[in-house]
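# Examination of the molecular architecture
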Amino acid sequence: HDLMGIHPYNPLEDPYSIYPHSLRNIDELCASIVRSHRETSQYRVEELHALRWKLFSREEIQVYQSKTVDEMWQHCAIRLTDAVQYVVEFAKHIPGFRMLSQNDQIALLKTGSMEVVLVRMSRFFNTENSTVFFDGKFAGAEVFKSLACSDLITAVFDFAHGMCALKLTEHQLALFSALVLINTDRPCLEDRGRVQRVQRSVESGLTHVLRRDNQESLMHKLYQRMAVLRSLCSLHMEKLRWFSQRYPLTAHSLFPPLYKELFA
Ligand code: CLR
């Protein structure tokens, strides 16, 4: 397995083997999810804000646009896999995640990791000019032209706009990301009951944070976002199947192993 560090559960290492019920436990649950989010988010919001002026030049955009379809796919697959790796690290520190069987952890990551990457994209997105931080600078949708899937790119950029419009705090974003990951609706789960208990604790964490921020009305909007995420990820899978059929060699030998393991 390339999902390094996904170990079988060891109850002795897990401070949350008793599910959080009291308010103090919910506070602790939120604090560890927020800490895990912060430690795996690559850039702080302020750092990204300071980099906003760094845009790709005409010439640099040309270089991306003149890549072949498979070159650009390989390049993006590597970037995405890098981001997914941080999400795997984030997941491992969600209280209760490590209590799940290895199979269930992988099943949750298979569908959830891409969704969390897209949720996280909102931190890397500048709504003023519709650009995303990619390869060290801010890139508009035209940079991804040679992928030949403009419908997916448009949908991903629209989703980033929608997420940014919610103006979530880092705490809210952390809890929401955890909830996206710990989802009992995912296929192939062995022990749905156990996943459900973890899901409920994360849900109560998010409710708690929203209530504290006096923004309980956000809950409904966040559930709507989760439905959009679903459709985006099936579009991603559809595009990946299309690509693998046309460029079997690139997909087979040049994509990162973790990308193949999770999505292929
Ligand atoms: C998301 C947040 C992460 C850092 C990060 C890394 C790679 C970025 C990704 C973010 C957003 C989406 C992204 C991706 C690289 C390629 C991908 C820009 C900012 C675009 C949408 C192309 C997807 C193409 C696939 C179909 C291969 O912490």
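First, a word on scope: everything that follows refers to the structure included in this document.

Procedures and definitions
Residues numbered from 1 in each chain as written. Predicted model: local features only at pLDDT ≥ 70, side-chain atom pairs only at ≥ 80, totals over all residues. Heavy atoms only, no water. Helix = DSSP H or I, 4+ residues; strand = E, 2+ residues; numbered from the N terminus. Buried < 20%, exposed > 50% of the residue type's maximum accessible area, 1.4 Å probe, protein only. Near = heavy atom within 4 Å. Polar contact = N/O pair within 3.5 Å; in protein donor to acceptor, adjacent residues only side chain to side chain. Areas by Shrake-Rupley, 256 points an atom, 1.4 Å probe, with all protein chains shown as cover. Nonpolar A, V, L, I, M, F, W, Y, C, P; charged D, E, K, R; others polar. Axes fitted to C-alpha atoms, helices over the stretch in contact; angles between N-to-C directions. Parallel < 35°, antiparallel > 145°, perpendicular 65-115°, else oblique. Contact = heavy atoms within 4.5 Å. Expected span 1.5 Å × (residues − 1). Bend = angle between axes of the 7 residues up to and from the residue. Phe/Tyr/Trp six-rings, centres within 6.5 Å; stacked < 30°, edge-to-face > 60°. Salt bridge = Lys/Arg side-chain N within 4 Å of Asp/Glu carboxyl O.

## Focus on unusual backbone geometry
We note that Asp135 has phi near 55°; this positive angle belongs to a residue other than glycine. Locating Asp135 in the fold gives a position in the loop between strand S2 (131-134) and strand S3 (137-139). Residue classification places Asp135 among the partly exposed residues on the basis of a relative accessible area of 27%. Unlike most non-glycine residues, Lys167 shows phi in positive territory, near 50°. Its location among the elements puts Lys167 in the loop between helix H6 (150-165) and helix H7 (170-181). The exposure class of Lys167 is exposed, given its relative accessible area of 67%.

## A word on the site of the ligand
Around the ligand sit 20 residues in total, of which Gln42, Trp73, Phe124, Leu147 and Leu152 are the nearest. Contact distances for the ligand include 2.9 Å between an oxygen atom and a side-chain N or O atom of Gln42. Computed on the free molecule, the ligand has an accessible area of 620 Å², of which 96% lies beneath the protein chains in the complex. Put simply, the parts of the chain that give the shell around the ligand at least two residues each are helix H4 (69-92), helix H5 (102-121), S2 and H6. At 5 residues, H4 tops the list of elements feeding residues into the shell around the ligand. In terms of residue class, the shell around the ligand is built from 16 nonpolar, 2 polar and 2 charged.

## Describing the packing of H4 against H5
At their nearest, the axes of H4 and H5 sit 9 Å apart, and the two run at 105° to each other. Classed by the angle they form, the pair H4 and H5 counts as roughly perpendicular. On H5, the residues that touch Leu80, Ala83, Val84, Tyr86, Val87, Val88, Phe90 and Ala91 of H4 are Leu109, Ser113, Met114, Val116, Val117 and Arg120. Of the residues contributing to the contact of H4 with H5, the split by class is 12 nonpolar, 1 polar and 1 charged.

## With respect to H5
An ideal rise of 1.5 Å per residue puts 28 Å on 20 residues; H5 measures up with 27 Å between its terminal C-alpha atoms. A bend of about 45° at Gly112 is the largest found in H5. Counting buried positions along H5 yields 16 of 20 residues, so the element is predominantly enclosed.

## Points about the packing of aromatic side chains
For the coordinates displayed, the defined rule picks out 13 aromatic pairs. Ring geometry for Phe144 against Phe157: centres 6.3 Å apart, planes inclined by 65°, an arrangement best described as edge-to-face. With Phe144 in the loop between S3 and H6 and Phe157 in helix H6, this pair connects stretches of sequence that are 13 residues apart. Every member of this aromatic cluster is reached through a ring pair, and the members are Phe56, Tyr64, Phe125, Phe134, Phe144 and Phe157.

## Digging into the pattern of salt bridges
Considering all chains together, one arrives at 11 salt bridges under this definition. Among the ionic pairs, Arg79 bridges to Asp135, the shortest N-O distance being 2.4 Å. With Arg79 in helix H4 and Asp135 in the loop between S2 and S3, this residue pair connects regions lying 56 residues apart in the sequence. Since its relative accessible area comes to 36%, Arg79 is described here as partly exposed. Two residues, Glu170 and Arg123, come together in a salt bridge whose shortest N-O distance is 3.0 Å. A residue pair is termed long-range when its members are at least 10 positions apart, and Glu170 in helix H7 and Arg123 in the loop between H5 and strand S1 (125-126) qualify at 47 residues. In this structure Glu170 comes out as partly exposed when scored by relative accessible area, which is 26%. The exposure class assigned to Arg123 is buried, which follows from its relative accessible area of 9%. Taken together, the shared-partner salt bridges connect Arg44, Glu46 and Glu47 into one network.

## Some points on the environment of Glu71
Among the secondary structure elements, Glu71 is positioned in helix H4. Relative accessible area serves as the criterion here: at 43%, Glu71 is assigned to the partly exposed category. Residues Glu71 and Asn214, spaced 143 residues apart in sequence, show a C-alpha to C-alpha distance of 47 Å.

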